[in-house]
Structure formats: structure tokens, C-alpha cells
Amino acid sequence: RVLRGRPRDLAGRKIVVSAGGTREAIDPVRFLGNRSTGLQGYALARTAAARGAEVTLVAANVALPDPAGATVVRVESAAQLREAVLAASAGADVVVMAAAVADFRPASRHDVKIKKTDGAPEPIHLTKNPDILAELGELRRAAREATDGLAPVDPAVIVGFAAETHDVLANGQAKLARKGCDLLVVNQVGEGRAFGTPDNAATVLVAGGEPVEVPLGPKEDVADAVWDLVALRLP
Ligand code: CTP
Ligand code: CA
């Protein structure tokens, strides 16, 4: 697809996009993961760069070529994704959390490969990962109260994604409020929808505004619709 003919309405803006899905190590050879391929996040990075933005793409386990014009930081786990996103978010104008972040990780990682034994397998105990999107919202709130902020995390626009299998809009509205973000891109998933496909349809929930429907089309169209809404909210 040609990326020409887009407005340069994000010129000079510093934008962070996370993409892909995190992997949480069980032992040196195994992990807990998810089905995200990174296609939507990469489309966001590519289109933002085409619209003139300075893009940092934090990619978790994505097997796609680097998008033209973006700086790519590769990570594996939720903890690494958090470090990279928070570092890149200092001084950023926009942060988009398109990555599928594991909610839980194994409470401890085995140093050596778990061996198949005769008895019943040991259960894998899980512990909660930090919520990076919610943390970005909290850091922004704190930055706006502080007076001494050095390289503060204070993006004008924070965008979250939500994949829901049921009660899509009700779950999305609750999530938007809970996470303190400005836009929440809600996808219905399951039954072959969204994961690994070039097309996507979405409802973008807007804090203090009406939802915007993006019809089924290339993931670049969803990306451009997000950037249109972001551009409206930039000072
Ligand atoms: N997210 C995050 N850190 C996490 C989990 C999620 O930053 N530990 C972000 C995702 O990148 C996404 C948004 O939060 O932008 C919503 O993710 P989602 O999994 O839909 O929300 P959860 O709050 O984890 O709720 P649940 O999985 O129970 O639906
Ligand atoms: Ca989750």
C-alpha cells in the first residue's frame, strides 16, 4: 500500500507505539504468550511516520520487517515492555498501547528446563504484571501536579486497545474509565476476527465524546482513523 497522500499533521510530534504480544518465561525454553502478531501496531507506526511523526515502536516478539521511519526497540516480557515504553514516553506527545501485555506471569522462572517426570506435573503459579497503560495515566496525573518535572511523562494523548469477546461496548467503556486514557480502540475478537488478519474493524471510544465506528478494512485504515482522532486532541 502506498503511504503517500497523507496529511503531514503529525510532523514534529513524538509518538510511542507498543505492538505485538509479550512472552513470560516459564523456563529457558518455554513461555506463556498470546496470539498478537503486531500487525495493527506496525500499521499504526507506519502511518504515523508517513504523517510526519517521530515514532518509537516498542515491539514484543513481532516477526515483521521494521516499518520505514520508525525507531524499533525489541522486547520480550511485560517487564521489558514496561521499561522500554516508560523510557520512550518521557517527553512524548502521544503513547499508543497496541501491544497485548500478559496480565500474569509465572511467579518464578525455572533456571533449568523443567523435565517430564513420572508423577503429575507441578502447577505453574502466576503473579500479576503491572498495568502499563494505567501507569501511564497515573504518571501523567502526577506530572500535571508536579512543578519540578524532569523529562516528565505527560503525553497529550494516551490510547489504549481492548480485545473483547463479549459485552464489547460495556466492557470497553468501563476499561476507558478505569485506565484513564483518552481513546480506547475496541475490537471484537474470536472466530478468526482480528488476530493475524490484514483487516480489522473497531469502535474507538472517546473520553468525553461519542464513539467512532471504523468499518472493516485494512489495518492502516483503523490506524489512520486513530491518528485523525489523536490529531484533533493535540494542542
Ligand atoms: N495493558 C497494559 N498492561 C497490562 C495489561 C494491559 O498496558 N498489564 C494495556 C493493553 O496494551 C491495552 C489495554 O491495556 O492497551 C487494555 O488491555 P486489556 O487486556 O483489554 O485490559 P485489561 O485491563 O488487562 O483487562 P482484561 O484483560 O481483564 O479484559
Ligand atoms: Ca488483559
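The structure this text deals with has already been given above.
Here the structure is a predicted model, which means the values were calculated and not measured.

A.B. asks: Describe unusual backbone geometry, listing the residues and the values that go with them.
C.D. replies: For Asn61, which is not a glycine, the phi torsion comes out positive at approximately 60°. The residue Asn61 is located in the loop between strand E4 (54-60) and strand E5 (70-75) in this model. Look at Asn61 and you get partly exposed, because its relative accessible area is 24%. Even without being a glycine, Asp167 presents a positive backbone phi close to 45°. Within the secondary structure, Asp167 is located in the loop between strand E9 (157-164) and helix H4 (168-179). Given a relative accessible area of 53%, Asp167 falls into the exposed group.

A.B. asks: I'd love a proper account of a nonpolar patch on the surface, names of residues and values included.
C.D. replies: There is a patch of nonpolar side chains on the surface, built from Leu32, Phe104, Ile124 and Leu126 and spanning about 350 Å² of accessible area. When you line up the elements, Leu32 lands in strand E3 (residues 30-32). Taking the relative accessible area as the measure of exposure, Leu32 reaches 31% and is therefore partly exposed.

A.B. asks: Describe the coordination of the calcium ion (ligand 2), with residues and values.
C.D. replies: The expected angle between donors at a tetrahedral four-coordinate metal is 109.5 degrees. At an octahedral six-coordinate metal it is 90 or 180 degrees. Around the calcium ion (ligand 2), the protein contributes the donor atoms Asp103 (OD) and Asp103 (OD), which lie 2.4 to 2.5 Å from the metal centre. For Asp103, the location among the structural elements is in the loop between strand E6 (94-97) and strand E7 (104-106).

A.B. asks: Which residues make up the environment of Leu39, and what values go with them?
C.D. replies: Turning to its location among the elements, Leu39 is positioned in helix H1 (residues 39-50). Along the primary structure Leu39 and Ala120 are separated by 81 residues, whereas in three dimensions their C-alpha atoms are 39 Å apart. Look past the residues within four positions of Leu39 in its chain and what remains in contact with it is Leu64, Gly196, Thr197 and Lys219.

A.B. asks: Outline the site of ligand 1, supporting the account with residue identities and numerical values.
C.D. replies: Contacts to ligand 1 come from 14 residues, most closely from Met97, Ala99, Pro130, Leu133 and Lys175. Within the backbone of Ala99, an N or O atom sits 2.8 Å from an oxygen atom of ligand 1. At 3.0 Å from an oxygen atom of ligand 1 is found a side-chain nitrogen or oxygen belonging to Asp103. When ligand 1 sits alone it has 570 Å² of accessible area, and the protein chains cover 77% of it. Most atoms of ligand 1, that is more than half of them, are within 2 Å of grid points of the largest pocket. Those elements giving two or more residues to the shell around ligand 1 turn out to be helix H3 (132-145), E9 and H4. The class makeup of the residues in the shell around ligand 1 is eight nonpolar, one polar and five charged.

Reading the values: the criteria
Think of each chain on its own: its residues are numbered from 1, step by step along the sequence as written. Labels follow written order: the first chain is A, the first ligand is 1, and so on. In keeping with the predicted nature of the model, local features appear solely for residues at pLDDT of at least 70, side-chain atom pairs appear and are counted solely at 80 or more, and the whole-chain, interface and lining totals rest on all residues. No hydrogens and no water enter the side-chain calculation; it runs on all heavy atoms of the structure. Strands are runs of DSSP state E lasting at least two residues, helices are runs of H or I lasting at least four, and both sets are numbered from the N terminus onward. Partly exposed describes any residue whose relative accessible area lies between the buried limit of under 20% and the exposed limit of over 50%, with all areas from a 1.4 Å probe on protein chains only and scaled to the type maximum. By definition, no residue in a patch forms a salt bridge, and every one has over 30% relative accessible area; like charges are joined within 9 Å, nonpolar side chains (Val, Leu, Ile, Met, Phe, Trp, Tyr) within 5 Å. Accessibility throughout is a Shrake-Rupley quantity obtained with a 1.4 Å probe, and a residue counts as covered only by protein chains that appear here. Salt bridge, as used here, is a side-chain nitrogen of Lys or Arg placed within 4 Å of a carboxyl oxygen of Asp or Glu. In this listing, donors mean N, O and S atoms no farther than 2.8 Å from the metal, or 3.2 Å for Na, K and Ca; water is missing from the atoms, so a site can look incomplete. In this description, contact between two residues means that some pair of their heavy atoms is separated by no more than 4.5 Å. Proximity is defined per residue: if any heavy atom of the residue lies within 4 Å of a molecule or strand, that residue is considered near it. What qualifies as a polar contact is a pair of N or O atoms within 3.5 Å, subject to a donor-acceptor requirement within protein and to the restriction that residues adjacent in sequence count only when both atoms come from side chains. Each cavity reported here is a set of points on a 1 Å grid over the protein atoms alone in which a 1.4 Å probe fits but cannot get out, each pocket an open set with protein on both sides within 12 Å along at least five of seven lines, and each lining residue one with an atom within 4 Å of a point. Those molecules having more than half of their atoms within 2 Å of a cavity or pocket grid point set are described as sitting in that cavity or pocket. Gly is placed with the polar residues, together with every amino acid not listed as nonpolar (Ala, Val, Leu, Ile, Met, Phe, Trp, Tyr, Cys and Pro) or charged (Asp, Glu, Lys and Arg).

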